[in-house]
Amino acid sequence: MSVNQKEGIKIYSEMINSDAYEVCREVKIILNRIEMISGIDADQQFDIKVILSELLQNAIRHGNAMDSNKKVRVDVWIQDNRELFICVADQGPGFDVKHAFGGRKKSADCDALSMDESGRGLLIVQNLCDDIQFNSAGNAITVKKRLDKH
């Protein structure tokens, strides 16, 4: 994604340990900061919580293979006070994005229950976001979500 983070308002930029409890704590911090800056409603807060949780848990579980010596980089920013960007990068080897994700379209008719467990989180994220991009190595993802003011 060719997004210039410097043009937006930085919400969060940290390295997080590959630890589920730390992820939960940091998700709350990020949500509080987003809410203070953007004034989003409860529905959007929930969507963002799901997006962050799925991306971070995937990075820890699949990217870093639960290796406590590896970290996850998280950058969150808002552009034009209406578009939220979240970038999550793990220290793992990545994966073949086209093979694992390329054939799926953003659609309500995709049956998450019939999918392999490892693909459900990305499908959920894709359906909650307006745009989703991976780096070429497959170990970083950037998502965009439009924010509606209440």
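Everything numeric here is computed off the predicted structure, so don't read it as measured data.

Caption draft 1: Local environment of the packing of aromatic side chains. Following the criterion strictly, the structure yields two aromatic pairs and no others. Here W77 and F85 contribute two aromatic rings whose centre-to-centre distance is 5.4 Å and whose plane-to-plane angle is 10°, an arrangement assigned as stacked. Taking the relative accessible area as the measure of exposure, W77 reaches 4% and is therefore buried. Here F85 falls in the buried class, since its relative accessible area comes to 2%. Where F95 meets F134, the ring centres are 5.7 Å apart and the plane angle is 90°; that geometry is what we call edge-to-face. Taken together, the positions of F95 in the loop between β3 (83–90) and α3 (97–101) and F134 in strand β4 (residues 131–134) put the pair 39 residues apart, joining distant regions of the chain.

Caption draft 2: Molecular detail of the nonpolar core. Counting 32 residues, the largest nonpolar core has I48, V76, I86 and V143 as the members making the most contacts within it. Where this core is concerned, the elements lending two or more residues are β1 (9–17), α1 (20–38), α2 (42–63), β2 (71–79), β3, α4 (117–128), β4 and β5 (140–146). Per-element accounting of this core gives the leading share, seven residues, to α2. Excluding anything up to four places from it in sequence, V143 contacts I51, L55, L84, F85, I86, V125, C129, D131 and I132.

Caption draft 3: Seen up close, a nonpolar patch on the surface. A surface patch of nonpolar side chains, amounting to about 300 Å² of accessible area, comprises I9, M36 and I37. Note on placement: M36 falls in helix α1. A relative accessible area of 68% places M36 in the exposed class.

Caption draft 4: Molecular detail of the pattern of salt bridges. Counting across every chain of the model gives five salt bridges. Close ionic contact of K145 with D47 constitutes a salt bridge, the shortest N to O distance being 3.6 Å. Here K145, found in strand β5, pairs with D47, found in helix α2; they are 98 residues apart in sequence, far enough to count as distant. Take K145 and D47: they sit in the same class, and that class is buried. One salt bridge in this structure joins K144 and E83, with 3.6 Å as the shortest N-O distance. Taken together, the residues span a long stretch of sequence, with K144 in strand β5 and E83 in strand β3 at a distance of 61 residues.

Caption draft 5: Representation of the pairing of β3 within the structure. Among the eight residues in β3, seven count as buried, and that is most of the element. Bridge count for β2 against β3 is eight bridges, and the pairing is antiparallel. Paired with W77 across the bridge in β3 is F85. Inspection of the sheet shows β3 paired to β5 by seven bridges, in the antiparallel sense. Among the inter-strand pairings, V88 is bridged to a residue of β5, identified as I141.

Caption draft 6: Seen up close, the pairing of β2. The element β2 is extensively covered by neighbouring structure, given that seven of its nine residues are classed as buried. Taken together, the eight bridges between β1 and β2 define a ladder with antiparallel strand orientation. Of the residues in β2, the one forming a bridge with N17 is K71. Connecting the antiparallel pair β2 and β3 is a turn made up of three residues, with D80 showing a positive phi of about 55°.

So, how was this worked out
Residues numbered from 1 in each chain as written. Predicted model: local features only at pLDDT ≥ 70, side-chain atom pairs only at ≥ 80, totals over all residues. Heavy atoms only, no water. Phe/Tyr/Trp six-rings, centres within 6.5 Å; stacked < 30°, edge-to-face > 60°. Buried < 20%, exposed > 50% of the residue type's maximum accessible area, 1.4 Å probe, protein only. Helix = DSSP H or I, 4+ residues; strand = E, 2+ residues; numbered from the N terminus. Core = buried A, V, L, I, M, F, W, Y, C linked by side-chain atoms within 4.5 Å. Contact = heavy atoms within 4.5 Å. Patch = residues over 30% accessible without salt bridge, like charges linked within 9 Å, V, L, I, M, F, W, Y side chains within 5 Å. Areas by Shrake-Rupley, 256 points an atom, 1.4 Å probe, with all protein chains shown as cover. Salt bridge = Lys/Arg side-chain N within 4 Å of Asp/Glu carboxyl O. Pairing = 2+ DSSP bridges.

Treat this as a map of the structure, not an account of what it does.
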